[in-house]
Amino acid sequence: MAAAMAGLLLTAVFAVYYAAVNTVSVQNTWRARHEPAAEAVAAMARDLACAAVPYGLTNPPFAASGGGREEFFRMSFYSAFPESSSNDPGFYSLGRVSYSLRKDPLNGRMVLARECSPMRAPARSQGATVRQEWRGIGRLEVLFFDGSAWVGNWGEDGGTNSLPTAARISIAGAREDRKEAGTEVVLNAARRITVEKSR
């Protein structure tokens, strides 16, 4: 009798565990399939909010093109990443963040890719080395505020050596419901930052 009760209790525990693990897995799959736009907007907004111009930089610190035409979208700039092991704002990693949109050759859908290369290796922050991809992007629009108007390109002609004042991001998924996510980010256009010292 006791063995039967123990077996029944063990079966119930495993059933609850399996249901919980399966639910989390299904939710993650659903989120990746239905909400790539929200995750992409959150990552892009974080990177833009921490955009900076390193002291001594001779190349344009911020370059973007094709903000209104998805197939040609490219954006590259420097962003600061806090060191994960410290709450001190003086400890950070600085990386060159690049976003690009391309077609997936398997299904023809758009894929938004984010790559980050640290200015100093090894990077002290995981965020400065992460590569991410968001699949199933249906529409992407990133516009930049130059102080008087919203524009789709920035710094490509080498005519500016500064950050935009703000950015407006709008991304929609490729599914029929086309869930859209968007936000506006104010950039500290005067922010200049010293490249972190190696320890």
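Numbering of residues starts from 1 in every chain and runs along the sequence as written. This being a predicted model, a pLDDT of at least 70 is required before a residue's local features are given, and a value of 80 or more before pairs of side-chain atoms are given or counted; all residues contribute to the totals for chains, interfaces and linings. With hydrogens and water excluded, all non-hydrogen atoms of the structure serve as input to the side-chain values.

Participant: Before we go on, may I ask you to explain the nonpolar core in this structure?
Facilitator: Here is a general trend for soluble globular proteins: nonpolar side chains tend to be buried in one another's company. Each nonpolar core is a collection of buried residues, namely Ala, Val, Leu, Ile, Met, Phe, Trp, Tyr and Cys, held together in the definition by side-chain atoms within 4.5 Å. Relative accessibility decides the category of a residue: with a 1.4 Å probe and only protein chains considered, values under 20% of the type maximum give buried, values over 50% give exposed, and everything between is partly exposed. In terms of nonpolar packing, the biggest core is built from 34 residues, with Leu48, Phe62, Met75, Tyr99 and Leu112 touching the most fellow members. For this core, the elements supplying multiple residues, two or more each, are helix H2 (36–49), strand S2 (62–65), strand S3 (74–82), strand S4 (92–103), strand S5 (110–118), strand S6 (132–145), strand S8 (166–173) and strand S9 (180–186). Here a strand is any run of E in DSSP of at least two residues, a helix any run of H or I of at least four, and the numbering for each starts at the N terminus. For this core, the leading source of residues is H2, giving seven residues. The residues touching Phe62, leaving out its near neighbours within four places in the chain, are Leu48, Met75, Ser76, Phe77, Phe144, Trp154, Gly155, Ser162, Leu163, Pro164 and Leu187. In what follows, a contact means two residues having at least one pair of non-hydrogen atoms within 4.5 Å.

Participant: What should I look at first to understand the environment of Ala64 in this one?
Facilitator: Relative to the helices and strands, Ala64 resides in strand S2. According to the relative accessible area criterion, Ala64 is buried, its value standing at 0%. A sequence separation of 12 residues divides Ala64 from Ser76, and the C-alpha atoms of the two residues are 6.3 Å apart.

Participant: Mind showing me how you'd approach the side chain of Asp104 here?
Facilitator: Of note, Asp104 is situated in the loop between S4 and S5. The class of Asp104 is buried, set by a relative accessible area of 10%. Among the polar contacts made by the side chain of Asp104, one reaches the side chain of Arg135 at a distance of 2.7 Å. Definition of a polar contact: a pair of N or O atoms within 3.5 Å, with one able to donate and the other able to accept a hydrogen when the atoms are protein atoms, and with sequence-neighbouring residues admitted only if both atoms are side-chain atoms.

Participant: Looking at this structure, I do not really get the confidence of the model for the chain. What am I missing?
Facilitator: Do not read the predicted coordinates in detail wherever pLDDT is low. Averaged over all residues, the pLDDT of the chain is 76; the fraction at 70 or higher stands at 67%. Per residue, pLDDT measures the predictor's confidence, with a range of 0 to 100. When mean pLDDT is taken per element in the chain, strand S7 (residues 150–151) scores highest with 90 and strand S10 (residues 192–193) scores lowest with 63.

Participant: What am I meant to see in the pattern of salt bridges here?
Facilitator: A side chain of one charge can pair with a side chain of the opposite charge if their charged atoms are brought near each other. Counted as salt bridges are all cases of a side-chain nitrogen of Lys or Arg within 4 Å of a carboxyl oxygen of Asp or Glu. Scanning all chains against the criterion turns up eight salt bridges. Across the pair Arg168 and Glu184 runs a salt bridge whose closest N-O atoms are separated by 2.9 Å. One end of the pair, Arg168, is in strand S8; the other, Glu184, is in strand S9, with 16 residues separating them in the sequence. A network of salt bridges, in which partner residues are shared, links Arg102, Asp104, Glu115, Arg131, Glu133 and Arg135.

Participant: For this particular structure, what's the right way to read the packing of aromatic side chains?
Facilitator: For any pair of aromatic rings, geometry is given as the distance between the ring centres together with the angle between the planes. Stacked, tilted and edge-to-face are the three classes assigned to paired rings of Phe, Tyr and Trp, where Trp is represented by its six-membered ring and a pair needs centres within 6.5 Å; plane angles under 30 degrees give stacked, over 60 edge-to-face, the rest tilted. Across all of its chains, the model carries three aromatic pairs by this definition. Where Phe62 meets Phe144, the ring centres are 5.4 Å apart and the plane angle is 80°; that geometry is what we call edge-to-face. One end of the pair, Phe62, is in strand S2; the other, Phe144, is in strand S6, with 82 residues separating them in the sequence. In this pair, the class of Phe62 matches that of Phe144, namely buried. Plain terms: the ring middles of Phe145 and Trp150 are 5.1 Å apart, the flat faces sit at 50° to each other, and that makes the pair tilted. Note on Phe145: relative accessible area 22%, which makes it partly exposed. Relative accessible area serves as the criterion here: at 28%, Trp150 is assigned to the partly exposed category. Through successive ring pairs, a cluster of aromatic residues spans Phe62, Phe77 and Phe144. Our definition puts a charge over a ring when NZ of Lys or CZ of Arg is within 6 Å of the ring centre and also within 35 degrees of the ring normal. The ring of Trp150 carries Arg168 above its face, with NZ or CZ at 4.1 Å from the centroid.

Participant: Looking at this structure, I do not really get H2. What am I missing?
Facilitator: To estimate the expected span of a helix, subtract one from its residue number and multiply by 1.5 Å. Between the first and last C-alpha of H2 there are 20 Å, a value that for 14 residues agrees with the 20 Å anticipated at 1.5 Å per step. Taken together, the buried positions of H2 are occupied by Pro36, Ala37, Ala40, Val41, Ala43, Met44, Ala45, Asp47 and Leu48.

Participant: I'm lost on the pairing of S8 in this one. Help?
Facilitator: For a regular strand, the rule is simple: side chains alternate between the two faces of the sheet. Along S8, seven of the eight residues are buried, which leaves the element largely enclosed by surrounding structure. When DSSP finds at least two bridges between two strands, those strands are taken to pair. Bridge count between S6 and S8: eight bridges; the pairing is antiparallel. Following the sheet pairing, Leu143 is matched in S8 by Arg168. Across seven bridges, S8 lies against S9 in antiparallel orientation. What sits directly across from Ala166, in S9, is Val186.

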